[in-house]
Amino acid sequence: MENWNRDFSPWEASAVFGKEGFAGQGLKTLRWLTEECVPHIDRTFGVKDREHWLMGYSLAGLFALWAAYESDVFSGIVCCSGSLWFPDWDHYVRNHVIQSKCSVYLSLGGKEEKAKNKVMAAVGDRTRAQEGLLQEDSMVESVVLEWNAGGHFADAGKRLAKGVKWMFGVKSGL
């Protein structure tokens, strides 16, 4: 993506840290994924009947989770250190449901909810609440929230890999 705050934000929002706000162009990114990228992958690699998983870290994690509420293309979501502190996310998820049968892996670093920025510090409570809502959503086949050591930037690659490993286990029945 060319601009993280523009391309992964589901709606416009003011800056929470720094000066750059969120342009809310996530729908454009989602359309590209579902109308161009996924069909291209399906045609090119013959995976049309296979499951599509979407994963992301930080704002991309929020985007991945939001995509499951907006599209029926994804059967697995990995949301690591998701920016669930995003303005009005808590209101959005209370009024929406996942669009297709889906498994969801959530993870967060234990220090993330201790951020000095009060908006960002809400991430722990919002992530716990998200887990609860997903457990009650009839479209969600399985959900887990895994806590990790460290803050937001600790072991991003390892956290994503743990999400993929969990998803393989859930989807293969192991």
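Each remark here, short or long, concerns the structure printed above.
Owing to the predicted nature of the structure, the values given are computational and were not obtained by experimental measurement. (Residues numbered from 1 in each chain as written. Predicted model: local features only at pLDDT ≥ 70, side-chain atom pairs only at ≥ 80, totals over all residues. Heavy atoms only, no water.)

Overview of the pairing of strand 3 (residues 53-57)
Put simply, the rule reads: One requirement defines pairing of two strands: DSSP has to find at least two bridges between them. We count a stretch as a helix when DSSP gives it H or I for four or more residues in a row; a strand needs E for two or more, and each element gets its number in order from the N terminus. Look down the strands so they point away from you; if the path from the first strand over the helix to the second goes clockwise, the crossover is right-handed.
Sheet topology note: the strand 3/strand 4 (residues 76-80) ladder contains 5 bridges and is parallel. The partner of Leu-54 across the bridge, within strand 4, is Ile-77. With helix 3 (residues 59-70) bridging strand 3 and its parallel neighbour strand 4, the resulting β-α-β unit is right-handed.

A short note on the pattern of salt bridges
Quick reminder of the rule: By definition here, a salt bridge exists when the distance from a side-chain nitrogen of Lys or Arg to a carboxyl oxygen of Asp or Glu is within 4 Å. Three labels apply to residues, based on accessible area from a 1.4 Å probe with only protein chains included: buried if under 20% of the type maximum, exposed if over 50%, partly exposed otherwise in between.
As enumerated under the stated definition, the model contains 7 salt bridges in all. Of the charged contacts, one joins Asp-90 and Arg-94 as a salt bridge, the two residues approaching to 3.6 Å between their closest N and O atoms. With Asp-90 and Arg-94 both in helix 4 (residues 89-94), this residue pair falls 4 residues apart, about one helical turn. Its relative accessible area of 51% is what places Arg-94 among the exposed residues. Across the salt bridge formed by Glu-113 and Arg-128, the nearest N and O atoms sit 3.1 Å from each other. Here Glu-113, found in the loop between strand 5 (102-109) and helix 5 (118-121), pairs with Arg-128, found in helix 6 (residues 123-136); they are 15 residues apart in sequence, far enough to count as distant. Owing to a relative accessible area of 24%, Glu-113 belongs among the partly exposed residues under this scheme. Here the salt bridges do not stand alone but share partners, grouping Asp-90, Arg-94 and Arg-126 into one network.

All quantities given are derived from atomic positions and should not be read as evidence of function.
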